[in-house]
Amino acid sequence: MPRLSEVIAALETLWPAERAESWDAVGTVTGDPGQEVTRVLFAVDPVREVADEAVRLGADLLVTHHPLYLRGTTTVAAGTPKGGVVHTLIKNDVALHVAHTNADKADPGVSDALAGALDLRVTGPLVPDPDDPAGRRGLGRICELDHPLTVRELAERAAERLPATAQGIRVAGDPDAVVRRVAVSGGSGDSLFDRVRAAGVDAFLTADLRHHPASEFAASVTERPLALLDAAHWATEWPWCELAAAELDQISDRHGWGLRVHVSTTVTDPWTAHAASPVTTSPMGAPN
């Protein structure tokens, strides 16, 4: 069986740490480089529920998309939520490795997996990586549909294909507008609005859209309609776990490692319920 150092070296070929954003915290968080690895679990969030799942599964390595400590810390006390994760992992000999913005920019990366889940054909990155002469790496993806859909139909496809969450899919724009080209970005995407506006797409599917940026973006798009589709953050990034697991499976097969690679099905989206507003056709539907 491979050592942790060998598996991490393989993962670094997929998502080199130097390609992460300067503010990011990627790489190996816990684990002995010399320990053997037989089973690997992929997940979005390094939270207690996922750490417990890794222990139950008998995983030697947990790979997550989100960092455990993005802003640093002064304590790993077991009584704190993140410290509890560290203690659980170390006590059970489970290594933790993080691939975040380096996985976002990868080819294939997080947004490729999102596009694949929605049966969208990727034509290129939304924000190309200037260090990639092939022009395939970068943040977000610009995609085309095999046949046009309305905004409503695209939202319904996203709600059906992405993991179920309490939020579902929120839409800003004309539900009956026709969509042929789509920009997608797994995770928080309103920082990419300028790029989306310049991309000539009909819709943008991402997560964590906030009131003021979305309102200002809608007001700034005057030449042609452009719909916003807002999904849950966790749901837009979970498809990457399946893609990443498949990539590690291929590496394991090439090296004859025989790794058992799994994808977590634990829902770590923080929102647990949704109460829909009553449908109204009146423009004066707000309370007095």
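Our subject is the structure listed above.
Keep in mind it's a predicted model, so treat the numbers as computed, not measured.

Asks: Quick one: what's the story with the overall build of the chain, residue by residue and with numbers?
Replies: When its secondary structure is counted, the chain shows nine helices and eleven strands. In terms of overall size, the chain behaves like a compact globule, its C-alpha atoms giving a radius of gyration of 20 Å where 288 residues would be expected to give roughly 19 Å. With the principal axes as the frame, the chain shows a C-alpha extent of 65 × 50 × 30 Å. Of all 288 residues assigned to the chain, the portion counted as buried reaches 49%. Within the chain, counting contacts between residues at least 6 apart in sequence, those at least 24 apart form 68% of the total. Carbon and sulfur atoms make up 51% of the accessible area of the chain, which totals about 14,300 Å². For the chain, the separation between the mean place of its 25 positive charges and that of its 40 negative charges on side chains is 1 Å.

Asks: How would you explain the sheet that holds strand β6 (residues 138-150) if you had to name every residue and give the values?
Replies: On the basis of which strands lie adjacent, the open sheet formed by six strands has the order β5-β6-β8-β9-β10-β7 and mixed pairing. In this open sheet, the two edge strands, each paired with only one partner strand, are β5 (121-128) and β7 (170-172). Neighbouring strand axes in the sheet, compared pairwise and without regard to direction, differ in orientation by 25° on average. In terms of strand pairing, strand β9 (residues 203-207) meets strand β10 (residues 227-231) through five bridges, oriented parallel.

Asks: Tell me about the environment of W271, and name the residues and values.
Replies: Its place among the elements puts W271 in the segment after β11 (260-263). The exposure class of W271 is exposed, given its relative accessible area of 60%. In this structure, the C-alpha to C-alpha distance between W271 and A227, residues 44 residues apart in sequence, is 24 Å.

Asks: Requested: an account of the sheet that holds strand β3 (residues 61-64), with residues and values cited.
Replies: On the basis of which strands lie adjacent, the open sheet formed by five strands has the order β1-β4-β3-β2-β11 and mixed pairing. Across the chains shown, the open sheet's two edge strands, defined by having one partner strand only, are β1 (27-30) and β11. Adjacent strand axes in the sheet meet at a mean angle of 25°, parallel and antiparallel pairs treated alike. Both β3 and strand β4 (residues 95-98) contribute to a ladder of four bridges, which runs parallel. Paired with L61 across the bridge in β4 is A95. Strand contacts of helix α2 (residues 48-57): β2 (39-43), β3 and β11, with the helix running at about 160° to β2, the strand carrying the most contacts.

Asks: Please give an account of the packing of aromatic side chains that cites residues and values.
Replies: Within the structure shown, the criterion is met by four aromatic pairs. Note on F193 and F204: the rings are 6.2 Å apart at their centroids and 75° apart in plane angle, and the pair reads as edge-to-face. Taken together, the residues F193 in helix α7 (residues 193-198) and F204 in strand β9 connect sequence positions eleven residues apart. F204 sits in the buried class, given a relative accessible area of 0%. Residues F193 and F217 carry aromatic rings whose centres are separated by 4.3 Å and whose planes lie at 20° to one another, so their mutual orientation is stacked. Of this pair, F193 sits in helix α7 while F217 sits in helix α8 (residues 211-220), and the two are 24 residues apart along the sequence. Comparing F193 with F217 shows no difference in burial state: the two are buried. Clustering of aromatic rings is evident, with ring pairs tying together W15, F42 and W240.

Asks: Describe the nonpolar core, with residues and values.
Replies: By size, the foremost hydrophobic cluster in this structure holds 53 residues, and its most contacted members are L11, W15, F42, L61, W240 and L248. Here the element with the most residues in this core is helix α9 (residues 233-255); it accounts for nine residues. Setting aside residues up to four positions removed in sequence, L11 forms contacts with L61, V63, H97 and L248. The next biggest cluster of nonpolar side chains, apart from the first, holds 16 residues, and it includes V201, L209, F217 and V221.

Asks: Let's hear about α9: which residues, and what values?
Replies: In a regular helix each residue adds 1.5 Å, so 23 residues correspond to 33 Å; α9 covers 34 Å between its end C-alpha atoms and thus fits that length. In the segment just after α9, G256 is the residue with positive phi, at about 70°.

Asks: Run through the packing of α2 against helix α3 (residues 81-91), naming residues and quoting values.
Replies: At a closest axis distance of 9 Å, the pairing of α2 and α3 adopts a crossing angle of 5°. By the angle between their axes, α2 is roughly parallel relative to α3. Contacts from R48, A51, D52 and V55 of α2 reach α3 at G84, V85, T88 and L89. Of the residues that constitute the contact of α2 with α3, the class distribution is four nonpolar, two polar and two charged.

The rules behind the values
Residues numbered from 1 in each chain as written. Predicted model: local features only at pLDDT ≥ 70, side-chain atom pairs only at ≥ 80, totals over all residues. Heavy atoms only, no water. Helix = DSSP H or I, 4+ residues; strand = E, 2+ residues; numbered from the N terminus. Rg over C-alpha atoms; globule rule 2.2 N^0.38 Å. Buried < 20%, exposed > 50% of the residue type's maximum accessible area, 1.4 Å probe, protein only. Contact = heavy atoms within 4.5 Å. Areas by Shrake-Rupley, 256 points an atom, 1.4 Å probe, with all protein chains shown as cover. Lys, Arg positive; Asp, Glu negative; His and termini not counted. Charge placed at Lys NZ, Arg CZ, Asp CG, Glu CD. Pairing = 2+ DSSP bridges. Axes fitted to C-alpha atoms, helices over the stretch in contact; angles between N-to-C directions. Phe/Tyr/Trp six-rings, centres within 6.5 Å; stacked < 30°, edge-to-face > 60°. Core = buried A, V, L, I, M, F, W, Y, C linked by side-chain atoms within 4.5 Å. Expected span 1.5 Å × (residues − 1). Parallel < 35°, antiparallel > 145°, perpendicular 65-115°, else oblique. Nonpolar A, V, L, I, M, F, W, Y, C, P; charged D, E, K, R; others polar.

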